[in-house]
Each structure stands twice: as structure tokens, then as C-alpha cells.
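Now for the letters of each chain:
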Amino acid sequence: MTKKKSDYIGPKVLNTLLPVGLAFLIGGIIILCIGENPLEAYRIMLGKSLFTAKGFLNTLHYASPLLLTGLAIAITFKANLFNMGVEGQLLVGGFFAGIAGASLDLTSPVMQKVVCMLVGIGCGVLFALIPALLRAFFHVDEMVVTLMLNYAMIKVLEYLSSGPFREAGSGYVCTPVIHESAMFQRLGIGNSRLTMFFFLAFAILLIMTFIFKKTKLGMEITAIGKNPDFAEATGMRVRRKIIILMCISGALAGLAGAGHMMSEKFKYTLGFSGTTGLGWDGMLIALLGRHNPIGVLLAAIFYSALKTGADNINMYTSVPKEIVGVLQGLIILFLAVQFLDERFGLRERFARRMSRKEEA
């Protein structure tokens, strides 16, 4: 008997909502200990960021780079690759997109924006190409390489932004402000910060959804993730696909950095990506979205709502906005446990071990 589609979707939805529910439950206990009503605090936090026009549009604005970093990680995770360098790829893409936006002054604003985004994409691809080649041809663990390259790139950009590319006369470390023609202007809808960058990110999400579901590459990604040796035996060029996937991931991360520069920051500073960085947030979003483009969209909006709601909860209650960081950390913890269980079958191993002890 074949299983219905709902038989597969139901557990996935439950496994996604369970970590969030547990995090909010523990967060609620902490809020109670502070002396506040957790239901009221959550109502303010999510209500102001999701259920008011201005709040929702601002949430979409801040979700724009998260959409792309979530996708960047999701496509590699789906193929059982672990591109942990999305943060570094985002930073280098944003940095050089900013340098291009400040240095070039093209007559066409559209061309100016396109050039800046292409620079960001190109830098992200080049940075992702290093671990891709090492994994494809030398079987070097891409997780270790990409993790280490993140910190190397942070130090390189710190030197470049405080030395050769530092804005003259600035009282803190930053690069020159990009030209107005390179900026994504606010759309002016509901007095929000929303720009065209969100719609660009959403269009890319739709393209990636089509690739995942309807193309040969999407099927090959799934096949490589399930059994790379079998995929190789069937004639699939796994090495080439690894390089292509890592480069696509790097391109998405580089575009996220360029878009964040052109729609929000307008110059590179040492806190360009925030704490935690947008690339690291993308990892949580990919896990929360179950490596599915639509899931990534919903997870990015939810995660962005938490961040935009942090100021509201601090303004209208005595609960410190750091509670949002606690919630995010708890979600990461529960998702990590779930991820390890799915990858290594921890619950099944524990159940087998317990049954053996009972039999003995």
C-alpha cells in the first residue's frame, strides 16, 4: 500500500513546529520568572512584526538576505554537502559590492545596481570554489574548510576596511558610502523599509523551487544526497555536480551580501552582518525549513519577525529584548538535536540498546 503525501508532510510539519514550541515554552517560563505574562509578551513581539502592515513589511525587508542565505545552505544540505562558509561568502560579496558601488558612477542606475550585484555574486562564487575543488578532487571535508575560511575572510576584510579601503576622515572602521544610484530605494509602502531587493530574492526563491522540483539538476541533487556512490555508478558526474552546487550556493550568499549592502547598510562596517551573522542565521533557516524552498521562505519570515519583534517587546514590556536571542538559541539547540537524530538514527540506536538490556 502506497503512503499518501500527507503521511510524509505531517511528520515533517510536526518536526518543524516541535523545536519552536519547546523553545517558546522554555522562553515563557523565563518570562514568568521575570514577572511578566508570557502570552502578552509573545503577542506584542509577533503581533507588532507580523500582524500590522508596517511591521510585516519591515519583517519582509529584513527577511530578504535570510531567504538567500537559507537557500544557499539548503541546496547543499539536500545534496549531503555542508557549505558552512555562507557567512564568509556573504561578507566578501557585500564588501566588494560596496566597493564597486562607491567607486563606479555609471549613468544608468539600473546598470549600476546590476554591476554591484554581479560583483557580489562573482566574489561569492570564487570564495565557494576553493572548498568545492578540494572536496571534488581531493575528498577534503568541505565542512572544516568552509568553517575555517570564514574566519580567514573576516580577518582579511577587517584589514581591507581599516586600511586600503577605509573611508577618509571616518571616526570608525568603514568603507565609503555607495552612490545613491547603487542603492535600492525604499518603496514607500506603509512607511516601511521594504525595497525591491525582497522581490528579487523572492523571484530567485521561485526559480530555485522550480529547479528543485522540475529539473534534472534537482533530481540529481536528491540522488547525490541519498547515495553519492550509486549516483556515480549510474553515470552521474558527481564531481562536476558538487562544484556546480557549491558555486550556486556561493552565488546566492554573495547576492545576499550585495543586496544587504544596497538595501540596508550602504557601507561595510565590522558589524555588517550582525550578531549572529546572516550566514549563520541561514543555517537555522535551512534546518527549520527542512531544506525546502517554501519552507525556507516561511522560516525566514518567522525568524525575521523574531528579530524585528525584539525592539517591540523591550518597548512595551519589562522583558529584555535579549529573550529573543534566548529563543533563537533554544530553537538552534532543538534543531541540532533533531538533525543529529535524523542523520545518525540516535533514537533507533537507543531503543535497540534498551530492548537488548530488557531481553538480557
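Residue numbers here run from 1 along each chain, matching the order of that chain's written sequence. It should be noted that, the model being predicted, local features are given only for residues of pLDDT at least 70 and side-chain atom pairs only at 80 or more, the latter also being counted only at that level, while totals for whole chains, interfaces and linings use all residues. With hydrogens and water stripped out, all remaining heavy atoms of the structure feed into the side-chain values.

Here we take up the pattern of salt bridges. Here, a salt bridge means any side-chain nitrogen of Lys or Arg that lies within 4 Å of a carboxyl oxygen of Asp or Glu. Tallied over the entire structure, the rule returns eight salt bridges. For Glu-220, the salt bridge identified is with Lys-216, shortest N-O distance 4.0 Å. With Glu-220 and Lys-216 both in helix H8 (residues 216–226) and four residues apart, the pair spans about one turn of that helix. Remark: exposure states derive from per-residue accessible area (1.4 Å probe, protein chains only) relative to the maximum for the residue type, with buried under 20%, exposed over 50%, and partly exposed in between. The buried category is assigned to Glu-220, whose relative accessible area is 10%. In this structure Lys-216 comes out as exposed when scored by relative accessible area, which is 60%. A salt bridge links Asp-281 to Lys-307; the shortest N-O distance between them is 2.8 Å. The way it works is that DSSP assigns letters per residue, a run of H or I at least four long becomes a helix, a run of E at least two long becomes a strand, and they are numbered from the N terminus.

All right, on to the packing of helix H7 (residues 196–214) against helix H12 (residues 293–316) then. Working convention: axes come from line fits to C-alpha atoms, limited for helices to the stretch in contact. Angles between N-to-C directions cover 0 to 180 degrees. Viewed as axis vectors pointing N to C, H7 and H12 meet at an angle of 150°, and their least axial separation amounts to 9 Å. As far as their axial angle goes, H12 and H7 are roughly antiparallel. From H7, Phe-202, Leu-205, Met-208, Thr-209 and Phe-212 reach across to H12, where they touch Pro-293, Ile-294 and Leu-297. In the scheme used here, Gly and all other residues not listed as nonpolar or charged are polar, with Ala, Val, Leu, Ile, Met, Phe, Trp, Tyr, Cys and Pro taken as nonpolar and Asp, Glu, Lys and Arg as charged. Of the residues belonging to the contact of H7 with H12, the class tally is seven nonpolar, one polar and no charged. By definition in this entry, angles of less than 35 degrees are roughly parallel, angles greater than 145 are roughly antiparallel, angles of 65 to 115 are roughly perpendicular, and the rest are oblique. Residue contacts follow a heavy-atom distance rule, with two residues in contact if any of their heavy atoms lie within 4.5 Å.

What follows covers the packing of aromatic side chains. Two rings from Phe, Tyr or Trp (for Trp, the six-membered ring) form a pair when their centres are within 6.5 Å of each other. A pair whose planes differ by under 30 degrees is stacked, one over 60 is edge-to-face, and the rest are tilted. Scanning the model with the defined rule gives 10 aromatic pairs in all. On the basis of an interplanar angle of 55° and a centroid distance of 4.7 Å, the ring pair of Phe-24 and Tyr-42 is categorised as tilted. Here Tyr-42 lies in helix H2 (residues 38–50) and Phe-24 lies in helix H1 (residues 5–34), a separation of 18 residues in the sequence. Side by side, Phe-24 and Tyr-42 carry an identical accessibility label, which is buried. The interplanar angle of 80° and the centroid separation of 5.0 Å between the aromatic rings of Phe-95 and Phe-96 together place this pair among those described as edge-to-face. Note on Phe-95: relative accessible area 0%, which makes it buried. A ring has a charge above it when a Lys NZ or an Arg CZ is no more than 6 Å from the ring centre and no more than 35 degrees off the ring normal. The side chain of Lys-48 reaches across the aromatic face of Tyr-316, ending 4.6 Å from its centre.

This paragraph deals with the nonpolar core. For our purposes a nonpolar core is just a set of buried Ala, Val, Leu, Ile, Met, Phe, Trp, Tyr and Cys residues, chained together by side-chain atoms within 4.5 Å. Grouped together as the largest cluster of nonpolar side chains are 82 residues, with contacts concentrated most on Phe-24, Met-45, Leu-68, Leu-306 and Ile-331. If you tally residues by element for this core, the top one is helix H3 (residues 53–78), at 12 residues. Contacts of Leu-68, omitting those with residues within four sequence positions, involve Phe-197, Ala-201, Ile-204, Leu-252, Leu-255 and Ala-256. Leu-81, Ile-221, Ile-243 and Met-246 belong to the second largest nonpolar core, which has 14 residues in total.

Moving on, we get to the environment of Arg-186. As for its position among the elements, Arg-186 is in the loop between helix H6 (142–162) and H7. Sequence-distant contacts of Arg-186, that is, excluding residues within four places in its chain, are made with Ser-192, Arg-193, Leu-194 and Thr-195.

Right, let's talk about the layout of surface pockets for a bit. As a volume, the second largest pocket reaches approximately 880 Å³. Taken together, 35 residues line the second largest pocket, and the ones lying closest to its centre are Tyr-62, Ser-304, Lys-307, Thr-308 and Asp-311. Put simply, the parts of the chain that give the lining of the second largest pocket at least two residues each are H2, H3, helix H10 (238–265), H12 and helix H13 (322–344). Taken together, the residues of the lining of the second largest pocket break down into nine nonpolar, 18 polar and eight charged. Residues are said to line a cavity or pocket when one of their atoms sits within 4 Å of a point; the points come from a 1 Å grid over protein atoms alone, cavities being sets where a 1.4 Å probe fits but cannot get out and pockets being open sets with protein on both sides within 12 Å along at least five of seven lines. Grid points are joined across faces, edges and corners, and a volume is the space filled by probe spheres set on the points.

Interpretation in functional terms is not warranted from these geometric data alone.
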